[in-house]
Amino acid sequence: MNMVVDTLTKRYVRALYAEAAERAEQSAVYAQLQAVAEALRAEARFLDALKHPTLPVEDKVAMLLRIAGADQRPTASFKPFLRLVLTKGRAHVLEAAADGFLELWDEDRNLMRAEVVSAFPLSEREQTELKQALASLTNCSIELDLTVDPSLVGGMTVRMGDRLIEGSVRGKLKKLSEGLQRY
Amino acid sequence: MQGRPDEVSAILRDELQRLESQVEMVGVGTVIEVGDGIARVYGLADVMAAELVEFPGELMGIALNLEEDNVGCILMGPYEHVKEGDQVQTTGRIAETRVGEELFGRVVSPLGEPLDGKGVVVTKYTRPLEVKAPGVVKRQPVSEPLHTGIKAIDSMIPIGRGQRELLIGDRQTGKTAIAIDTIINQRDTGVKCIYVAIGQKSSSVRRTAAILEEHGAMEYTCIVAATASDPAAVQYIAPYAGCTIGEYLRDNGGHALVIYDDLTRHAKAYREVSLLLRRPPGREAYPGDIFNLHSRLLERAAKLSEAEGGGSLTALPVIQTEEGDYAAYIPTNLISITDGQIYLEPELFYAGVRPAISVGLSVSRVGGNAQTQMMRRVAGRLKLDLASYREYRAFSQFASDLDEETRNILKRGDRMTEALKQDQYVPMAIAEQVIVIFAGTHGCWDDVKLEAITALEAELLTFIRERYPEIESGLRQTQQLSDEMAERLDKAIEDFRTKLDEQYLEKEQYAERPTSEIEGVE
Ligand SMILES: Nc1ncnc2c1ncn2[C@@H]1O[C@H](COP(=O)(O)OP(=O)(O)OP(=O)(O)O)[C@@H](O)[C@H]1O
Ligand SMILES: [Mg+2]
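1. Topic: the overall build of chain B
At step 1: When helices and strands are counted, chain B shows 16 helices and 17 strands.
At step 2: A total of 522 residues make up chain B; the buried ones form 54% of that total.
At step 3: The long-range fraction of contacts in chain B, counting pairs at least 24 apart against all pairs at least 6 apart in sequence, stands at 75%.
At step 4: Of the roughly 22900 Å² of accessible surface on chain B, 50% is carried by carbon and sulfur atoms.
At step 5: Positive and negative charge centroids in chain B, built from 57 and 82 side chains respectively, lie 2 Å apart.

2. Notes on the domain arrangement of chain A
At step 1: You can read the domains of chain A as domain 1 (7-107) and domain 2 (110-181).
At step 2: Distance between the C-alpha centres of domain 1 of chain A and domain 2 of chain A: 33 Å.

3. A closer look at the site of ligand 1
Residues and elements named next belong to chain B.
At step 1: Residues in close proximity to ligand 1 total 14 residues, the closest being Gln172, Lys175, Thr176, Ala177 and Gln424.
At step 2: Within the contact set of ligand 1, an oxygen atom lies 2.7 Å away from a side-chain nitrogen or oxygen of lysine 175.
At step 3: Here a nitrogen atom of ligand 1 and a backbone polar atom of glutamine 422 are 2.9 Å apart.
At step 4: Calculation on ligand 1 without its partners gives an accessible area of 630 Å², and the protein chains cover 73% of this total.
At step 5: Of the residues belonging to the shell around ligand 1, the class tally is three nonpolar, seven polar and four charged.

4. Regarding helix H14 (residues 453-467) of chain B
Every α-helix winds through 3.6 residues per turn, so residues three or four apart in the chain are directed the same way.
All names here are of chain B.
At step 1: For H14, with 15 residues, the first-to-last C-alpha span of 20 Å sits near the 21 Å given by 1.5 Å per residue.
At step 2: Along H14, the residues classified as buried are Ile453, Leu456, Glu457, Leu460, Leu461, Phe463 and Ile464. When H14 is viewed along its axis, its buried side chains cluster within an angular range of 160° and face the same direction.
At step 3: Where the residues of H14 are buried, they touch helix H2 (151-156), helix H12 (404-420), helix H13 (430-441), helix H15 (469-478) and helix H16 (483-498).

5. What to know about a negative patch on the surface
Residues and elements named next belong to chain B.
At step 1: Taken together, the side chains of Glu284, Glu322, Glu323 and Asp325 make up a negatively charged region of the molecular surface.
At step 2: With respect to the helices and strands, glutamate 323 occurs in the loop between strand S15 (312-320) and helix H8 (329-337).
At step 3: The exposed category is assigned to glutamate 323, whose relative accessible area is 76%.

6. Considering the layout of surface pockets
Residue and element names in this part refer to chain B.
At step 1: Looking at the second largest pocket, its volume works out to about 1200 Å³.
At step 2: Considering the residues around the second largest pocket, the lining is formed by 40 residues, among which Gly174, Lys175, Thr176, Ala177 and Gln424 are closest to the centre.
At step 3: Among the secondary structure elements, those contributing two or more residues to the lining of the second largest pocket are helix H3 (175-184), helix H4 (202-214) and H14.
At step 4: Sort the elements by how many residues they give to the lining of the second largest pocket and H3 lands first, with six residues.
At step 5: Its residues placed into classes, the lining of the second largest pocket shows 15 nonpolar, 12 polar and 13 charged.
At step 6: Both domain 2 (98-339) and domain 3 (378-509) contribute no fewer than three residues apiece to the lining of the second largest pocket.

7. As for the domain arrangement of chain B
All names here are of chain B.
At step 1: Partitioning chain B into domains gives domain 1 (23-93), domain 2 (98-339) and domain 3 (378-509).
At step 2: Taking only C-alpha atoms, the centre of domain 2 and the centre of domain 3 are 34 Å apart.
At step 3: Counting residues at the interface gives 16 residues for domain 2 and 18 residues for domain 3.
At step 4: Buried area between domain 2 and domain 3, summed over both chains or domains, comes out near 1400 Å², and the portion from carbon and sulfur atoms is 65%.
At step 5: Our count for the domain 2 to domain 3 interface comes out at eight residue pairs in polar contact (both at pLDDT 80 or more).
At step 6: Contributions of two or more residues to the side of domain 2 that touches domain 3 are made by H2 and H3.

8. Some thoughts on the interface of chain A and chain B
At step 1: Contact residues are listed per partner, giving 24 residues for chain A and 36 residues for chain B.
At step 2: At the junction of chain A with chain B, the criterion picks out two salt bridges.
At step 3: Connecting chain A to chain B are eight residue pairs in polar contact (both at pLDDT 80 or more).
At step 4: Looking at the side of chain A that touches chain B, the elements with two or more residues in it are helix H1 (7-22), strand S4 (163-168) and helix H8 (169-180) of chain A.
At step 5: The leading source of residues in the side of chain A that touches chain B is H8(A), at six residues.
At step 6: Of the residues assigned to the side of chain A that touches chain B, the class counts are nine nonpolar, five polar and 10 charged.
At step 7: Pairing of S4(A) with strand S1 (residues 24-35) of chain B, which is carried by four bridges, proceeds in the antiparallel orientation. Bridge pairing links A:Glu166 to B:Glu24 in S1(B).

9. Side note on a positive patch on the surface
Residue and element names in this part refer to chain A.
At step 1: Residues Arg11, Arg14, Lys88 and Arg90 make up a contiguous surface patch of positive charge.
At step 2: Within the element layout of this structure, arginine 14 appears in helix H1.
At step 3: Looking at arginine 14, the relative accessible area reads 48%, which means it is partly exposed.

10. Overview of the pattern of salt bridges
At step 1: What the rule picks out here adds up to 39 salt bridges over all chains.
At step 2: Here A:Asp106 and A:Arg109 are joined by a salt bridge, their closest N and O atoms 2.9 Å apart.
At step 3: The exposure class of A:Asp106 is buried, given its relative accessible area of 7%.
At step 4: For A:Arg109, a relative accessible area of 37% translates into the label partly exposed.
At step 5: The partner of B:Arg127 in a salt bridge is B:Asp251, and the shortest N-O contact between them spans 3.1 Å. Here B:Asp251 lies in helix H5 (residues 232-251) and B:Arg127 lies in strand S9 (residues 125-128), a separation of 124 residues in the sequence.
At step 6: We classify B:Arg127 as partly exposed; its relative accessible area is 21%.

Basis of the calculations
Residue numbering note: each chain is counted from 1, following its sequence as written. Lettering of chains starts at A and numbering of ligands starts at 1, both following the order in which they are written. Totals for whole chains, interfaces and linings use every residue, but because this is a predicted model, local features are given only for residues with pLDDT of at least 70 and side-chain atom pairs only at 80 or more, for both listing and counting. The side-chain values count all of the structure's non-hydrogen atoms but skip hydrogen atoms and water molecules. Here a helix means four or more residues in a row that DSSP labels H or I, a strand means two or more in a row labelled E, and each is numbered from the N terminus. The rule is simple: take the accessible area with a 1.4 Å probe, protein chains only, and divide by the maximum for that residue type; under 20% is buried, over 50% is exposed, in between is partly exposed. A contact between two residues is defined here by any heavy atoms of the two lying within 4.5 Å. All accessibility values rest on the Shrake-Rupley procedure with a 1.4 Å probe; residue burial counts only the protein chains present in the view. When charges are counted, Lys and Arg contribute as positive and Asp and Glu as negative, whereas His and the chain ends are disregarded. To locate a charge, take atom NZ for lysine, CZ for arginine, CG for aspartate or CD for glutamate. For the purposes of this description, domain bounds are those given by an automatic or database domain assignment. If a single non-hydrogen atom of a residue is within 4 Å of a molecule or strand, that residue counts as near it. Under the rule applied, a polar contact is a pair of N or O atoms within 3.5 Å (in protein, one hydrogen donor and one hydrogen acceptor; residues adjacent in sequence only if both atoms are side-chain atoms). Gly falls in the polar group here, along with every residue not listed as nonpolar (Ala, Val, Leu, Ile, Met, Phe, Trp, Tyr, Cys, Pro) or charged (Asp, Glu, Lys, Arg). What a helix is expected to span follows from its residue count: subtract one and scale by 1.5 Å. By arc we mean the arc of the directions from the helix axis to the C-beta atoms, nothing more. Here a patch means residues that are over 30% exposed by relative accessible area and free of salt bridges, tied together within 9 Å if like-charged and within 5 Å if nonpolar (Val, Leu, Ile, Met, Phe, Trp, Tyr). Whenever a carboxyl oxygen of Asp or Glu lies within 4 Å of a side-chain nitrogen of Lys or Arg, that contact is scored as a salt bridge. Using a grid of 1 Å spacing that covers the protein atoms alone, one calls a set of points a cavity when a 1.4 Å probe fits there but cannot get out, and a pocket when the set is open and has protein on both sides within 12 Å along at least five of seven lines; lining residues are those with an atom within 4 Å of a point. Grid points are joined across faces, edges and corners, and a volume is the space filled by probe spheres set on the points. Here's the idea: put two parts together, see how much 1.4 Å probe accessible area each one loses, and the total over both is what we call buried area. Here, a strand pair is defined by DSSP locating no fewer than two bridges between the strands.

In structure tokens, the structure reads:
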């Protein structure tokens, strides 16, 4: 489940993405952001440390770079971004920054992520067909994220962003029972 | 529905066909925050204002605040299971409620769920909760009476079908009692009633239902209840549900009466919802659109033109005041929105004048046109006379000796006040009211002991019914009081008086009443 990207985070991430895109280093920066997000998720007190007022910003930046592996393989845009976020006292934007970055990146390369839940596992062929169908529906290239949930009984649901395609038998049965309740 | 098997299978076939090829695209969102009956949701593509949205566990919500990066939803049921990250779906339907005849005789929640243990409420139709009120061209002025069965109201503050009349007063002054009696009196009139209980204890709602049942009124009444323990959001939508149920009858040429008991609590529920949705508070911390909200609701009461079927929806909103302060924000709003008010006074109530209607402060701005000729004829001057009597009464406290004329006004007024007292649950037919008021204004009780009047009033009615049956039936059939009929009535009353027992008569000169009994000091 992706995090909800709030307006503030979006603003910082948009600046970062513009820089990264100019240098075509999106994939490296994304990996670094993900590493940071993971660390924050794993250790709740980490965020407190980043917000600590007396710890020097440069120390915090160095720590984050190390976690992100960016001390070994630095990118041009990541370090200035960290410095900006920390001097402004906005460490919490790092939590959802990776997700926000990915949204922008996907938009840029015209990619849509489809979370597919199906009653049975989909075959290779079904996956290709689904991909093609969704691609022609959205005019985007499609990346599938597959889950199986037998409680759907049959069919599947596909969620893309803030839209859901409901094609499961469970959904139809529910509609049917709602329809019949009117009589 | 009790369907025949072939009908049932036809319905099933239809429904299944509708599903056949259906793959639906709906908007979805993610819960960011939930609490206090409110959820903030991220996403929800193309959600409409007031659209129903579905949370996990079949929990419904209504999207109220559409903001830049989130949608504020009110939750329509228990929400303990909803958590951050949960998926929410749009439904494409504006918030709606069940409507139809099937609801009468039932106690339901604002969402149409049964609260009376009589099983699910199945109706054919649903309607959106919030619709625009009919415009002027679709309306006509109020023309038919809606009798409450309460002497003091039907004679002096008459209500017509399609009218909006406010019931206003402090706590425990008999507001609900008037509403309930009015419902009981709609028996055999074809007017169906909807009683909306907002923020009351569930025990009170149960009691109301039992009383209506006992008086044979439940069969044509629907109770919509959002109790004090329901979330503010549910209390907030309750009057819309009730109004929508009545509107459906109105639009099909029927007649309905809806009672909102009470809108003070409704305003508080709306204030709570608004503050939780972080809308800016205004006067008394109510959101700025509270006036608009109530006027939109009451505007839906109407008498439709003949071209529109001639149906009507009458509304009796109830407002509770604090220490008689009808100039507070919500009461003044409502007074200005409605077509008049019935103002109940604690002083009268405690003095035993029940219903405790303040004659001076109560008014019906449109109902007069709908009053029957016979009632207009006997009660034409009653309201003014009684209002000035109450003033004399207040003054007479200070006067030592009163002139003959003043004494007569007091004498008549005391007796009329007595004659207009009425117990709960005994609404009176309009023809009987006419006889009783005629008697009072024609001096029938002038020399009768005050405490005997109530009992004698009943005797008078029996007497006339037995000895002069043509009077009551004549009044009932024509709804007119002709000169000839008035003469006959006068004679009948004279006849009754000759047979009056000595013991009921006042012996000495009429004396002032002790000050402790003085009421109506305004
Ligand atoms: N006409 C009447 N004759 C005798 N008793 C009455 C009359 N009207 C009301 N009462 C009694 O007065 C009490 C208060 O009445 P009611 O509940 O209708 O008042 P209310 O203004 O609706 O009160 P609340 O503010 O609690 O809603 C009740 O016990 C009721 O039985
Ligand atoms: Mg009450």
